[in-house]
Amino acid sequence: MKIRKNVFFPTVLVILVFLILYVVDAERFDRGLEFLNSSLNATFGGVYLIIALFLVIVSVLVLFSKMGKMTIGGEGAKPLLSTVNWFTVVLCTTIAAGLIFWGSSEPVFHLMAPPEFADVEPGTHASAVFSMTTMFLHWTITPYAIYGIPALMFAIAVYNEKKPFSFSSCISGVFPKAGTPVSASIIDSMCVFATVMGMIASLGQGILSIAGGITQITGNNSTKAMWTLIGVAIAIVFTLSACSGVLKGIKWISNINTGFLLALLVMVFLVGPTSYIVQLSLESFGVYVDNFFTRSLMIGAGTGSDWSYFWTISTFANWMAWAPITGMFLGKIAYGHSVRKFIAINIGAAAMCSGLWINVFGGTSIYQQLNGVEIYETMQTAGTESAVYEMLKALPFGNILIPLLVFAVALSVITAADSTTNVLGDLCCTVDDTGTCIDGEQQGKSNKNLNLVKIVWGLLLGSMSVIMICFKGVAGVKMISMIGGLPAVILLLLSGIGLLKVTFRYLRE
């Protein structure tokens, strides 16, 4: 197996340039990134919202079409994973540490600092409903459609249409020249760059979450030294797991982590304000459904507020940055299942579980903030990562729940980074000179080049995530996501159009 030099080295070089510029002159480089981020917001902010809504519509059309009966891999294809194992891997790969990090802090932000266009008073029931509807928008159907559509298109292209293991296969139906070696290399380089940016952001969130938990448990301050040690440890573990083989490491970790997350969810629901959680969730979900299209395209033009750019657009940009390579991984493990079942698991069931987490953790945090627990004030002084631990500390058995959550965060980060590193390795390696990528699990278990690529990506991802949070904190996490999402949004639009073409062709047959 050979390294794809025209994919691997250019993207590695870009990341190394980021590292060098930060070391040489971090302040000037920060200003450059902030200018780029502001320019992207002003120019392309609305595009992220339009493409996200488009992918939701595509998922609904495909779900209820006759193509839903199609088996990924063709008739007689046997699933790589059982339905239960498949779902746990999907859930832990996509949830990462993002939802755990933001599941308590973001609702409190929206509760206490709603945008002007919402026309609600901070710290009221109206702002609580606005907060929860926003969380449904940011963390349920829309983001999972962002993952699910390219994943489904990739699975059909590779397994049913026998195209190469490259994201170019997702869009070759729209642009036939995308399948040429040169075009495939460019497209895969865009995927690698976008995903690395998204992965840096996610790892940064995970490191901050783990550090916040350690601070609660030990009483030690959350420092840059602590972040660095956590980042190094996480990078070592997920790199070793990635080199061990995709199904061997991820399936085992995902099953354990799903159990921990479920146990935490049930315990917080039972010992928290159960009645309030149910009532707020039902009311907010109704408002979310009723205003889905309005909120999906809301920018806040004319108010002078940058709220939508900082929250909705940057959140979708982060999902989009991950989507190409995460989609390739999700498509890769979907072999043997039907298209309808794919959408039900990867979009429907995953979004439902994310919604349950939001209801329980977000609802509890809102209730506590409205009833004397100063979560918002703590976030201002101790960092955003402190929110979920401040919430747990105020509950019965909080001292038991906090260590469990820290462990779950660590497993979530490792699972997501493991799957991402595996696909990065697959994209950056070939078995011949045609540019055809392979499945490293089945054909390259002991290949030194493949593992070398994974190790390099593990080192770079760990280093960049530590640097971003040390220099820029949460703002840096959001900024790097926005930059990574730009090349991805073009690829997602084309993959959505490609899936529609496949669906219409299937209906005509």
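Residues numbered from 1 in each chain as written. Predicted model: local features only at pLDDT ≥ 70, side-chain atom pairs only at ≥ 80, totals over all residues. Heavy atoms only, no water.

### Focus on the overall build of the protein chain
The criterion, for reference: Note on conventions: DSSP H or I runs of at least 4 residues are helices, E runs of at least 2 residues are strands, and numbering of each starts at the N terminus. Each residue's exposure class comes from its accessible area (1.4 Å probe, protein chains only) as a fraction of the maximum for that residue type: buried when under 20%, exposed when over 50%, partly exposed otherwise. Any two residues whose heavy atoms approach within 4.5 Å at even a single point are treated as in contact. Here the accessible surface of atoms and residues is derived via Shrake-Rupley with a 1.4 Å probe, and residues count as covered only by protein chains that are part of the display. Just so you know, the count uses Lys and Arg for positive and Asp and Glu for negative, and it drops His and the chain ends. A charge is said to be at NZ when it belongs to Lys, at CZ for Arg, at CG for Asp and at CD for Glu.
When you go through the protein chain residue by residue, the secondary structure sums to 18 helices and two strands. Structurally, the protein chain occupies a C-alpha span of about 65 × 55 × 45 Å along its principal axes. Of all 509 residues assigned to the protein chain, the portion counted as buried reaches 61%. Intrachain contacts of the protein chain at a sequence separation of at least 6 include 84% that bridge at least 24 residues. Roughly 18,900 Å² of accessible area belongs to the protein chain as shown, and the carbon and sulfur atoms make up 67% of that amount. Averaged over its 27 positive side-chain charges, the protein chain has a centre that lies 15 Å from the centre of its 25 negative ones.

### Considering unusual backbone geometry
In this model, Asp119 sits at a positive phi of 55°, which is unusual for a non-glycine residue. Position of Asp119 among the secondary structure elements: in the loop between helix H3 (98-112) and helix H4 (125-139). With a phi angle near 60°, Lys162 is a residue other than glycine that sits in the positive phi range. Topologically, Lys162 is positioned in the loop between helix H5 (141-160) and helix H6 (168-171). Classification of Lys162 by relative accessible area gives exposed; the value is 63%.

### Some details on helix H2 (residues 83-95)
To keep things clear, this is the line we draw: Between the first and last residue of a helix there are one fewer steps than residues, each counted as 1.5 Å, and that sum is the expected span.
For H2, spanning 13 residues, the distance from its first C-alpha to its last is 18 Å, which sits close to the expected 18 Å at 1.5 Å a residue. Buried residues dominate H2, accounting for 11 of its 13 residues. Every buried residue of H2 is accounted for by Asn85, Trp86, Phe87, Thr88, Val89, Val90, Leu91, Cys92, Thr93, Thr94 and Ile95.

### Here's the deal with the pattern of salt bridges
Let me state the cut-off plainly: A pairing counts as a salt bridge when a side-chain nitrogen of Lys or Arg comes within 4 Å of a carboxyl oxygen of Asp or Glu.
What the rule picks out here adds up to four salt bridges. We note a salt bridge from Glu390 to Lys393, for which the minimum N-O separation is 3.5 Å. Within this pair, Glu390 and its partner Lys393 are both found in helix H15 (residues 387-393), separated by three residues, close to a single helical turn.

### Structural notes on the state of the cysteines
In plain terms, the rule: Disulfide assignment relies on a single distance test, namely cysteine sulfur atoms paired within 2.5 Å.
Scanning all chains against the criterion turns up zero disulfides. With no disulfide of its own, Cys170 lies 7.9 Å from the sulfur of Cys191, the closest cysteine sulfur. The exposure class assigned to Cys170 is buried, which follows from its relative accessible area of 1%. Here Cys243 stays unpaired: no disulfide links it, and the sulfur of Cys429, its closest cysteine neighbor, is 11 Å away.

### With respect to the packing of H3 against helix H14 (residues 375-382)
Put simply, the rule reads: Between N-to-C directions, angles span 0 to 180 degrees; the directions come from axes that are lines fitted to C-alpha atoms, helices contributing only their stretch in contact. Convention used here: angles under 35 degrees read as roughly parallel, angles over 145 as roughly antiparallel, angles from 65 to 115 as roughly perpendicular, and any remaining angle as oblique. In this classification, the charged set is Asp, Glu, Lys and Arg, the nonpolar set is Ala, Val, Leu, Ile, Met, Phe, Trp, Tyr, Cys and Pro, and all remaining amino acids, among them Gly, are polar.
In the contact formed by H3 and H14, the axes pass within 10 Å of each other and the chain directions differ by 110°. Put simply, H3 runs roughly perpendicular to H14. Judged by residue contacts, Ser105, Val108, Phe109 and Met112 of H3 engage Ile375, Tyr376, Met379 and Gln380 from H14. A breakdown of the residues in the contact of H3 with H14 according to their chemical character gives six nonpolar, two polar and no charged.

### Considering H14
Rules: As used here, the arc belongs to the directions running from the helix axis to the C-beta atoms.
Where H14 is concerned, the buried positions are Ile375, Tyr376, Thr378 and Met379. End-on view of H14: buried residues confined to an arc of 160°, all on one side of the axis. The secondary structure elements touched by the buried residues of H14 are H3, helix H13 (339-370) and H15. Taken from the residues just after H14, Gly383 is the one with a positive phi, measuring 105°.

### Details of a nonpolar patch on the surface
The cut-off we apply is this: Without a salt bridge and with relative accessible area above 30%, a residue can belong to a patch; like charges are then joined within 9 Å and nonpolar side chains (Val, Leu, Ile, Met, Phe, Trp, Tyr) within 5 Å.
Together, Leu16, Ile20, Val23 and Val24 give the surface a local cluster of nonpolar side chains, amounting to about 410 Å² of exposed area. Looking at the secondary structure, you find Leu16 in helix H1 (residues 5-63).

### A look at the packing of H2 against H13
Between two packed helices, both the angle of their axes relative to each other and the distance between the axes serve to describe the pair. Under the convention used in this document: Handedness of each helix crossing follows the sense of rotation of the near helix against the far helix: counterclockwise by less than a right angle gives left-handed, clockwise gives right-handed.
In contact at an axis separation of 10 Å, H2 and H13 are set at 55° when each is read in the N-to-C sense. Taken together, H2 and H13 sit at an angle that is classed as oblique. For the crossing formed where H2 meets H13, the hand is right-handed. From H2, Thr83, Trp86, Phe87, Val90 and Leu91 reach across to H13, where they touch Lys341, Phe342, Ile345, Asn346, Ala349, Ala350 and Cys353. Tallied by class, the residues present in the contact of H2 with H13 amount to nine nonpolar, two polar and one charged.

In short, geometric facts, not functional conclusions.
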